[in-house]
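Coordinates in review
Letter by letter, the chains look like this.
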Amino acid sequence: MEVKTSLLDNMIGVGDMVLLEPLSEDSFLDNLKKRFDHSEIYTYIGSVVISMNPYRSLPIYTPEKVEEYRNRNFYELSPHIYALADEAYRSLRDQDKDQCILITGESGAGKTEASKLVMSYVAAVCGKGHEVNKVKEQLLQSNPVLEAFGNAKTVRNDNSSRFGKYMDIEFDFKGDPLGGVISNYLLEKSRVVKQPRGERNFHVFYQLLSGASDDTLRKLKLDRDFSKYNYLSLDSAAVNGLDDAANFRTVRNAMQIVGFMEDEVQSVLELVAAVLKLGNIEFKPESRCNGTDESRVKDKNDLKEMCELLGIEQSVLERAFSYRTVEAKMEKVSTTLNVAQAYYARDALAKNLYSRLFSWLVTRINESIQAQTKARHKVMGVLDIYGFEIFEDNSFEQFIINYCNEKLQQIFIELTLREEQEEYVREGIEWTNIEYFNNAIICDLIENNQNGILAMLDEECLRPGTVTDETFLDKLNTICADHQHFESRLNKNSKFLNDHSLPHNCFRIQHYAGKVLYRVEGFVDKNNDLLYRDLSQAMYKANHSLIKQLFPEGNPAKVNLKRPPTAGFQFRASVGTLMRNLQTKNPNYIRCIKPNDKKASHIFTDSLVCHQVRYLGLMENVRVRRAGYAFRQPYEPCLERYKMLCKRTWPHWKGPAREGVEVLMADLQIPAEEIAYGRSKIFIRNPRTLFFLEEKRKQCLQDLATLIQKIYRGWKCRTHFLLMKKSQIVVAAWYRRYAQQKKYRNIKSATTVVQSYTRGWQARKLLRELKYQKRCEEAVTTIAAFWHGTQARRELRRLKEEARRKHAVALIWAYWQGLKVRREYRKFFRANAGKKIYDFTIQRIIQKYFLGLKSNMPSMSPIDKKWPARPYGFLDGVHTELRKIFHHWRCKKYRDQFTEEKKAVYEEKLEASEIFKGKKALYPSSVSQPFKGDYLEISKNPKYQKLNSAVDEKVLLADVVNKINRANGKGTPRIFLLTKKNFVLADQKTGQVKASIPLPDVTSVSVSTQKDGFFALKLKEGSASAVKGDFLLSSEHLIEIITKLHRIGATAADREKLKVDISDEFLVQFKQDKVCVKFIQSSPKNGNSVSCKRKNNRLLEVSVPTSP
Ligand SMILES: Nc1ncnc2c1ncn2[C@@H]1O[C@H](COP(=O)(O)OP(=O)(O)OP(=O)(O)O)[C@@H](O)[C@H]1O
Ligand SMILES: [Mg+2]
């Protein structure tokens, strides 16, 4: 930022008197005048602000100006009260130092205005917010209220503060206002009852009468006319530029903002009205019998109205104005009051009423504006006390006011001049002593505990005996005679004996600001500040809560005989407290100067200003500043504040602070003459050097702030990044999951779609195939149906044709028959009965036929030849057909129950029938005999065990046969075993195998047509078996044996079918010879058995008996 040096450059005159060249009183005044003429009313002496009253409004207190001075270095911009306010506020906020702003100057110099400017600036720059704004508003609005009640027009100032005010504004650590505390100092209450010429009473009286509504005034029993009230001076009731009516509204509004309740405001106004009424009460003497005058209230109307306003019993107050009760040693003595005493009592009551009301107002405002929190706070005190006053007629009040100003001057001297010089000495810095006037001596004259004027006044007031203002002056004359600042005509010091400017009833004090002549009249009374107890008790009895509060001593239960402390004592004590308070704070001075006595703008009265410059000690102030150093600071805080400007001291300096500061300054190349190193502090001569340091620091702080910001931002970004990264991973994981799920769902749904398409396609394909198949089947069926249909239709046609023919024939025949019958029976029947009877008859016959057939059904045996007889000839065909159908059905049923074995047996039986049926006479007898096969039970019978084991294969047939001997035709029993491959002949008794012939060697079998059991097994010629010749055997089971042999031959693939010759004559080869076997039938007479006889070598004759 560009460094502004407006304080030094392009200035009207010199902004800081320290820089004035050459320095003299004239140049000082010239500079002030020059600046004043150019509306530059503020000038610095170092950190002290000189303020000239412009007596006109200047455009230098705008919000823009506030912004301009906000947070700016003190020396950066042209001098302004805002710069001081900003400096004080910032060091309070940033350096935690309590501040006080001491505004001094004579009456009308602009102290109150300056204090308001400071407060408004601080209010503008400190924090904002609903609560803070409320506090600010309350603090600012306390001013109009207090000004209305405590300010008045004087000859010097149209808005002169007639009380001292010190306001502590409390701030929290951030610099936001929390609240405040106001202390008030001695109100000039004498003004209530009497105002010097050209002056007027406190503003509130005029404001109430001008500004209140008619209704309010009626309630307060007041009249708008000022002239109706004794306490209001008439000559200057209206003040130029003061709008009392408008101000009344402002005050009422301010009271509301500060927090006064409506009834409180009403009470306050009632009290104000009561004071006015009180002033109108007049007294008249009434002669008593003892010759004394006793006062009586002249016109009781005002008294009545006042009593009504305050809720006081009229008689009580009336009595209090006529009598006075004195208590001594537990005894009450009542004395009458004369008219003068009654007036004195009235005025005393009015003054007390008003001053107590004023104190109550301050307390009430304090209640509203006090900080709500008990937290530690910082304080900025603003002191606006009545200015130094020199009137023509100065009384106790002026004495007190000027004493207060002396004290303030004292503190200024203490802190600026003396402190400064002493500090140089203390710090061991070379210093040329500057002479200045120390007003401690005047303060001592007034406040000294033993022989101070206030102490002596108190002494006089408390002294028994007659005490008057004169006795007090006498006392002063004796005690203070030697004091160089005390002057009196009756002084021992003869030099004043002929001083006619010094009347006898006066004393003069040479104040720091000039000589002031005080008239002693009223000193004792005002110091005593006594109110007759009867009055305070009358007030206490009032039916008005505020009045009751204001006069607590009127409570008869709390009668205190001790005298209350005197006004002087109280004031001295409170000023003492104030001074001690101010000394604990960092002071900021505003020295107000009044440019002229005419309250006029643009007039610069040299003599007046010169006088003020002198008594304010401003020249000394500049000289001290110029001789010394503009700025000082202990090494530690200095090093702490600027250590960042040098690499060697930053961030920590190890070593004594002073060395650190030296290194720092050397590093910054500050010229040696610019700085001095004290014992504990560094001194900087020129403000510019300090400004340079501050500027450097500011830049450096900016860099440091940037560094901190950089690191913080880095950290923040990193943390944020890590957090983001972490979050991103979570988000990504979730997203991926989501994406994969979505993808999976998509794939799944796609797959489902594809699958469904594929399945659909397959299903459709299958459906097509099935449909095709079905169509084919349907086509085949249709074709078949058509074919069958065609066939059936053809057949039907044929049958129909046949039926038609038959029908035609039958019809013709029937017609013919009918014709015949009709011709024959026409004479018996009617025309239609014949046919119906015929049909019915036919139906009944057929029904009867079927029912009869059902009940006479033959058995299910296929051989059952039974069949019921046919009842009617015309059913012949049907009957035969039904019999055939039934038999076929029965046979099928019979066949269906056959097992495989039984089937085989029947096959054998069938084969036997095919071979023998109708060819051999033996056959019919064999039909009923079952083909048992193993008649010998060869496998079970132990007798044939050996034989059985000799045969490998399953025995198909085992029987005893007779082997026919060729020689005699006799038979020898032999066991005949037939297997699938061969047949075996064995001895019946021994079971020895006689012959085993493989079946392929058997070429044919010969049997007779008779009932005999002879059969010849002819062997293949040339085969090994044929050596012994063919076998001629006889068996009861011939049919079975031959059938089995034939079956084996039929099933074997390697052989030819066995030939069966059936004839009654055949040849049998016995070794080399062929023998003919001839069967003849014998009569039964020759026996029933078959016999075989040898007829010759070549013939065997078998006779077979014929069956009966
Ligand atoms: N900065 C200013 N700008 C404009 N007018 C000002 C300024 N300061 C003072 N005045 C004028 O001067 C008048 C007197 O000022 P102010 O009341 O502050 O004096 P004071 O020092 O408080 O006097 P007293 O000691 O009598 O209270 C004000 O009413 C106002 O008209
Ligand atoms: Mg003032």
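Look a little higher up for the structure.
Small disclaimer: the values here were computed from a predicted structure and weren't measured.

Rules behind the numbers
Along each chain, the written sequence defines residue order, and numbers are assigned to residues from 1. The naming scheme follows written order: chains are lettered A onward, ligands numbered 1 onward. Residues qualify for local features only when their pLDDT is at least 70, as the model is predicted, and side-chain atom pairs are given and counted only at 80 or more; totals for whole chains, interfaces and linings, by contrast, use all residues. Note that water and hydrogens are dropped before the side-chain values are worked out from all heavy atoms of the structure. The numbering of helices and of strands both runs from the N terminus, where a helix is a DSSP run of H or I of at least 4 residues and a strand a run of E of at least 2. The globule rule is 2.2 Å times the number of residues to the power 0.38, and the radius of gyration it is compared with is taken over C-alpha atoms. Using a 1.4 Å probe on the protein chains alone, a residue whose accessible area is under 20% of its type maximum counts as buried, one over 50% counts as exposed, and one in between counts as partly exposed. In this analysis, two residues are considered to be in contact whenever any of their non-hydrogen atoms come within 4.5 Å of each other. For the accessible areas, the method is Shrake-Rupley and the probe is 1.4 Å, while residue cover comes only from the protein chains on display. Only four residue types enter the charge count, namely Lys and Arg as positive and Asp and Glu as negative; His and the chain termini do not. By convention, the point assigned to a charge is CZ for Arg, NZ for Lys, CD for Glu and CG for Asp. We define a salt bridge as a contact between a side-chain nitrogen of Lys or Arg and a carboxyl oxygen of Asp or Glu at a distance within 4 Å. Lines are fitted to the C-alpha atoms to define the axes, a helix being fitted only along its stretch in contact, and any angle between axes, read from their N-to-C directions, falls within 0 to 180 degrees. Note that the term roughly parallel is reserved for angles under 35 degrees, roughly antiparallel for angles over 145, roughly perpendicular for angles of 65 to 115, and oblique for everything else. Crossings are assigned a handedness: left-handed for a near helix turned anticlockwise from the far helix by less than a right angle, right-handed for a clockwise turn. Nonpolar residues are Ala, Val, Leu, Ile, Met, Phe, Trp, Tyr, Cys and Pro. Charged residues are Asp, Glu, Lys and Arg, and all others, Gly as well, are polar. Whether a residue is near a molecule or strand depends on its heavy atoms: it is near if one of them lies within 4 Å of it. Here a polar contact is taken to be a pair of N or O atoms separated by no more than 3.5 Å, where protein atoms must pair a possible hydrogen donor with a possible acceptor and residues adjacent in sequence count only if both atoms sit in side chains. Residues enter a nonpolar core if they are buried and are Ala, Val, Leu, Ile, Met, Phe, Trp, Tyr or Cys, with the set joined through side-chain atoms within 4.5 Å. Two aromatic rings from Phe, Tyr or Trp, using only the six-membered ring of Trp, form a pair when their centres are within 6.5 Å; if the ring planes differ by under 30 degrees the pair is stacked, by over 60 it is edge-to-face, and anything between is tilted. Working rule: Lys NZ or Arg CZ, within 6 Å of ring centre, within 35 degrees of ring normal, means a charge sits over the ring. For patches, a residue must show more than 30% relative accessible area and have no salt bridge; joins then use 9 Å for like charges and 5 Å for nonpolar side chains, namely Val, Leu, Ile, Met, Phe, Trp and Tyr. Each metal's donors are the N, O and S atoms found within 2.8 Å of it, except that Na, K and Ca use a 3.2 Å limit; water is left out, so coordination can look incomplete. Pairing between strands is defined by DSSP: at least two bridges between the two strands are required. What the arc covers is the set of directions going from the helix axis to the C-beta atoms.

Quick look at the overall build of the protein chain now. When helices and strands are counted, the protein chain shows 32 helices and 31 strands. Relative to a compact globule of 1108 residues, whose C-alpha radius of gyration would be 32 Å, the protein chain shows 82 Å and is clearly more extended. Taking all 1108 residues of the protein chain together, 47% fall into the buried category. Pairs at least 24 residues apart make up 63% of the contacts formed inside the protein chain by residues separated by at least 6 positions. Carbon together with sulfur atoms contributes 53% to the accessible area of the protein chain, which is approximately 58700 Å² in total. Within the protein chain, one finds 177 positive and 135 negative side-chain charges whose respective centroids are separated by 25 Å.

A separate point is the side chain of S1034. With respect to the helices and strands, S1034 occurs in strand β26 (residues 1031-1034). Looking at S1034, the relative accessible area reads 14%, which means it is buried. Discounting chain neighbours no more than four positions away, the residues touching S1034 are V961, N962, I964, G1013, F1014 and F1015.

Secondary-structure assignment places R890 in helix α28 (residues 876-896). For the buried R890, no salt bridge exists, and the shortest N-O distance to an oppositely charged side chain is 4.5 Å, to D864. If we skip the residues at most four places from it in the chain, R890 touches P858, S859, M860, S861, P862 and D864.

Glancing now at the packing of helix α3 (residues 81-94) against helix α4 (residues 111-125). With their axes 9 Å apart at the nearest point, α3 and α4 run at an angle of 55° to one another. Taken together, the axis directions place α3 and α4 in an arrangement best described as oblique. For the crossing formed where α3 meets α4, the hand is right-handed. Contacts from I81, Y82, A85, D86 and Y89 in α3 reach A114, L117, V118, Y121, V122 and V125 in α4. Across the contact of α3 with α4, the residue classes break down as 10 nonpolar, no polar and one charged.

So, on to the site of ligand 1. Near ligand 1 there are 19 residues, and of these N53, S107, K111, T112 and S160 occur at the shortest range. The side chain of Y61 places a nitrogen or oxygen atom 3.1 Å from a nitrogen atom of ligand 1. Here an oxygen atom of ligand 1 and a side-chain polar atom of N157 are 2.8 Å apart. In the complex, the protein chains occlude 87% of the 620 Å² of accessible area that ligand 1 would expose alone. Those elements that provide at least two residues to the shell around ligand 1 are α4 and β5 (160-161). Here the shell around ligand 1 gets three residues from one element, more than from any other, and that element is α4. Across the shell around ligand 1, the residue classes tally to five nonpolar, 10 polar and four charged.

Further remarks concern the nonpolar core. Judged by nonpolar contacts, the single largest core of 186 residues is most densely connected at F28, F149, F205, L317 and F507. It is helix α13 (residues 339-369) that provides the largest number of residues to this core, a total of 15 residues. Each residue touching F205, except ones within four places of it in the same chain, is listed here: V192, L232, V272, V275, L276 and Y354. Core analysis: the second largest hydrophobic core is formed by 31 residues, I915, F931, F1015 and I1039 among them.

So, on to the packing of aromatic side chains. Here the structure, examined in full by the defined rule, presents 36 aromatic pairs. Relative to Y354, the ring of F202 has its centre 4.9 Å away and its plane inclined at 15°; by these criteria the two rings are stacked. In this pair, F202 sits in the loop between α6 (190-193) and α7 (203-211) while Y354 sits in helix α13, placing the two residues 152 residues apart along the sequence. Where F976 meets F983, the ring centres are 5.4 Å apart and the plane angle is 25°; that geometry is what we call stacked. Overall, the relative accessible area of 0% leaves F983 in the buried class. Taken together, the ring pairs in this structure connect F396, F399, F472, F486, F507, Y518 and F523 into an aromatic cluster. A cation over an aromatic ring shows up here: K548 above the ring of Y540, its NZ or CZ 4.6 Å from the ring centre. Here K909 stacks its cationic end above the ring of F931, 4.0 Å away from the centre of that ring.

This paragraph deals with a nonpolar patch on the surface. Residues I708, Y712 and W715 make up a contiguous nonpolar surface patch of about 360 Å² in total accessible area. Mapping Y712 onto the fold places it in helix α26 (residues 687-825).

Our next topic: the coordination of the magnesium ion (ligand 2). When a metal carries six donors in an octahedron, the ideal angles between them are 90 or 180 degrees, while four donors in a tetrahedron ideally lie at 109.5 degrees. Every protein donor of the magnesium ion (ligand 2) is listed here as T112 (OG1) and S161 (OG), and their distances to the metal cover 1.8 to 2.1 Å. Remark: S161 occurs in strand β5 and T112 occurs in helix α4; sequence separation between them is 49 residues. Taking relative accessible area as the criterion, T112 reaches 11% and is therefore assigned buried.

In space, the eight strands of this open sheet follow the order β23-β22-β21-β20-β26-β25-β24-β27, with mixed pairing throughout. Sheet topology places β23 (993-998) and β27 (1059-1062) at the edges, where each strand pairs with a single neighbour. Taking the axes of each pair of neighbouring strands and ignoring which way they run, one obtains an average angle of 30° across the sheet. Looking at chain direction, strand β20 (residues 957-964) and β26 are connected through two bridges and run antiparallel. Considered in β26, the bridge of N962 is made with S1034.

Following both chains from N to C, one finds helix α9 (residues 244-258) and helix α10 (residues 262-280) inclined at 135°, their axes separated by 10 Å at the closest point. Taken together, the axes of α9 and α10 are oblique relative to one another. In this structure, α9 meets α10 at a crossing whose hand is right-handed. On α10, the residues touching F248, R252 and M255 of α9 are E262, V265, V268 and L269. Class assignment of the residues belonging to the contact of α9 with α10 gives a composition of five nonpolar, no polar and two charged.

With respect to the element layout, E199 can be found in the loop between α6 and α7. As for E199 and T250, which are separated by 51 residues in sequence, their C-alpha atoms are 23 Å apart. Within the structure, E199 has its side chain in polar contact with the backbone nitrogen of V155 (distance 3.0 Å).

The final tally for this structure, using the stated rule, is 63 salt bridges. Ionic pairing is found between D214 and R224, a salt bridge with its closest N-O pair at 2.5 Å. In this pair, D214 sits in helix α8 (residues 214-219) while R224 sits in the loop between α8 and α9, placing the two residues 10 residues apart along the sequence. The class for R224 is partly exposed, based on a relative accessible area of 33%. Each of R162, E188, R191, E199 and E389 takes part in salt bridges that share partners, so that together they form one network.

Every α-helix carries 3.6 residues per turn, so stepping three or four residues along brings you back to the same face. Listed as buried for helix α24 (residues 635-642) are Y635, C638, L639 and Y642. In a view along the axis of α24, the buried residues occupy a sector of 95°, so they form one face of it. The outward face of α24, more than 90 degrees from its buried face, is lined by the exposed residues E636 and E640.

As a further point, take the pairing of strand β1 (residues 42-45). On β1, burial covers both faces: Y42 and Y44 on one face and T43 and I45 on the other are all buried. Bridge count for β1 against strand β2 (residues 48-52) is four bridges, and the pairing is antiparallel. In the strand pairing of β2, I45 is matched with V48. Where β1 hands over to β2, the hairpin turn is made up of two residues, of which G46 adopts a positive phi near 60°.

Counting buried residues in helix α16 (residues 453-462) gives eight out of 10 residues, a clear majority hidden from the surface. Listed as buried for α16 are I453, L454, A455, M456, L457, D458, E460 and C461.

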